[in-house]
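For reference, the chains in residue letters:
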Amino acid sequence: VVLRIPLSGRVPYRVEEVGNRLTLRLYAAVSDINWTRYGPEDPYLRAVRWVQSGTDEVAITVVLGGPLWGYRARWNRDDLLFEIRRPPVIDPDQPLAGRLIVVDPGHPPLGATGPTGLREADANLAVGLRLRELLLAAGARVLLTRDRDTALSLQARVRFADSVGAEILVSIHNNALPDGVNPFTNTGASVFYNHLQSLPLARDIQRALVQRLQLRDLGVGRGDLALARPTWMPAVLCEGLFLMVPRQEAALRQPAGQRRYALAVRDGLERWLHDVASGRGPDVP
């Protein structure tokens, strides 16, 4: 769904997400909205509302007839084009079938190093490759941001996911702690998201990580992380194990440990997509 908003000049704006509503706030703007044209009937677009919410602020709210999947905005001269992505058609019996998923094995450059020298970039890649196998076996279409030991910037990874039209972006990482923090009492699994439409996915992967890896539940968190920041698709960043803990580093060196991590991410994706297909997500109240 594309909304074209004609303006007399380019102004600052922001987007707010609440459940199946998106509110576009235009700043340094005064409304002159004489009419709103919907075009042909579309069950996904329930209503468009607007209000002069301040002396120099206009709020345009879009009410959707289904869950929010993604959005983005761009300028076309002085018209602001606000694009809202429809959810894909998902088979509840085979929720991964046909889904285009980009898997990002985090790092290099940088990354943590385990006590025996295992690089996080190598551990992430091993898990990412096993995750690709599992997702392909379930019928998904899978692309990796990297499939070898290649340095890739954060921006390049995000651009790649956007350029291929990824429906879901999952970044694979393993954790570390700063100096002075006891790793034996402060470790566990966690998943990060940035935008609300990604929170249900983060929760489902987090539950699966805790169950499969038998680690302490550090919960999900909102983080301003580049790989969790895209708005065009649900995106999460997983911190499965703590590479600096000898036992967890050893697990990441073994095919069985890598597979357990990958199985957890697959389980979380499958559960979340099943809920979407059944009408239980990814809407957030």
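Everything here concerns the structure above.
Residues numbered from 1 in each chain as written. Predicted model: local features only at pLDDT ≥ 70, side-chain atom pairs only at ≥ 80, totals over all residues. Heavy atoms only, no water.

### Section: the overall build of the chain
On a plain count of helices and strands, the chain comes out with 5 helices and 13 strands. Relative to the 2.2 N^0.38 estimate, which gives 19 Å for 285 residues, the radius of gyration of the chain is 21 Å and therefore close to what a compact globule would have. Projected onto its principal axes, the C-alpha positions of the chain cover 65 × 45 × 30 Å. Looking at the chain as a whole, 52% of its 285 residues are labelled buried. (Helix = DSSP H or I, 4+ residues; strand = E, 2+ residues; numbered from the N terminus. Rg over C-alpha atoms; globule rule 2.2 N^0.38 Å. Buried < 20%, exposed > 50% of the residue type's maximum accessible area, 1.4 Å probe, protein only.)

### A few points about helix H2 (residues 154–163)
Residues of H2 that are buried: Ala156, Arg157 and Ala161. Down the axis of H2, the buried set is contained in an arc of 135°. They therefore lie on one face. Within H2, the exposed residues directed more than 90 degrees away from the buried face are Gln155, Arg159 and Ser163. Taken together, the buried residues of H2 touch strand E8 (100–105) and strand E10 (168–175). Of the residues one or two after H2, Gly165 is the one with positive phi, at around 70°. (Arc of directions from axis to C-beta. Contact = heavy atoms within 4.5 Å.)

### Regarding the packing of aromatic side chains
Aromatic ring pairs are defined here through the distance separating the ring centres and the angle between the ring planes. Here the structure, examined in full by the defined rule, presents 3 aromatic pairs. The aromatic ring of Trp35 is capped on one face by Arg37, whose charged end is 5.2 Å from the ring centroid. (Phe/Tyr/Trp six-rings, centres within 6.5 Å; stacked < 30°, edge-to-face > 60°. Lys NZ or Arg CZ within 6 Å of the ring centre and 35° of its normal.)

### Brief notes about the pairing of strand E11 (residues 189–193)
Judged by how many residues are buried, E11 sits mostly within the fold: 4 of 5 residues are covered. Where E11 and strand E12 (residues 217–222) come together, 4 bridges link them in parallel fashion. Within E12, the position partnered with Ala189 by the bridge is Asp217. Between the parallel elements E11 and E12, the chain passes through helix H3 (residues 199–213) in a crossover that is right-handed. Sheet analysis places E11 next to strand E13 (residues 235–242), joined by 3 bridges and oriented antiparallel. (Pairing = 2+ DSSP bridges. Right-handed = clockwise from strand over helix to strand, strands pointing away.)

### Some thoughts on the sheet that holds strand E5 (residues 57–64)
One open sheet accounts for 4 strands, arranged E2-E3-E5-E4; its pairing is antiparallel. Strands at the two margins of the open sheet, each flanked by one partner only, are strand E2 (13–18) and strand E4 (45–54). The average angle at which neighbouring strand axes cross in this sheet is 20°, direction not considered. As paired elements, E4 and E5 share 8 bridges and run antiparallel to each other. For Gln52, the partnering residue across the bridge sits in E5 and is Val58. (Axes fitted to C-alpha atoms, helices over the stretch in contact; angles between N-to-C directions.)

### A few points about helix H1 (residues 120–137)
Between its first and last C-alpha atoms H1 spans 26 Å; for 18 residues at 1.5 Å apiece the expected length is 26 Å, and the two agree. Looking at the buried positions of H1, the neighbouring elements they touch are E8, strand E9 (141–144), E10, helix H4 (246–253) and helix H5 (255–277). Immediately downstream of H1, the backbone of Gly139 shows phi near 95°, a positive value. (Expected span 1.5 Å × (residues − 1).)

### Considering unusual backbone geometry
Across the junction of His107 and Pro108, the peptide omega takes the value -10°, indicating a cis bond. The omega angle of the peptide bond from Pro108 to Pro109 is 5°, so this bond is cis rather than trans. Mapped onto the elements of the fold, Pro109 is located in the loop between E8 and H1. In this model, His107 sits at a positive phi of 65°, which is unusual for a non-glycine residue. Here His107 lies in the loop between E8 and H1. A positive phi angle, close to 55°, is found at Gln214, a residue other than glycine. Topologically, Gln214 is positioned in the loop between H3 and E12. Residue Gln214 is classed as exposed on the basis of its relative accessible area of 65%.

### Thoughts on the nonpolar core
Counting 44 residues, the largest nonpolar core has Leu135, Ile168, Ile205, Val236, Tyr261, Val265 and Leu269 as its most contacted members. The next biggest cluster of nonpolar side chains, apart from the first, holds 20 residues, and it includes Leu3, Val15, Leu22 and Leu24. (Core = buried A, V, L, I, M, F, W, Y, C linked by side-chain atoms within 4.5 Å.)

### Re the sheet that holds E9
If you walk across this open sheet you meet the 6 strands as E9-E8-E10-E13-E11-E12, and the pairing is mixed. Unpaired on one side and paired on the other, E9 and E12 mark the two borders of the sheet. Here the average twist between neighbouring strands, direction ignored, is 20°. Where E10 meets E13, 6 bridges bridge the pair, whose relative direction is parallel. Bridging from a neighbouring strand, Leu169 pairs with Ala235 of E13.

### Describing the environment of Gly219
Here Gly219 shows up in strand E12. Separated by 21 residues in the primary sequence, Gly219 and Ser198 place their C-alpha atoms 14 Å from one another.

Everything listed is a geometric property; what it means functionally is a separate question.
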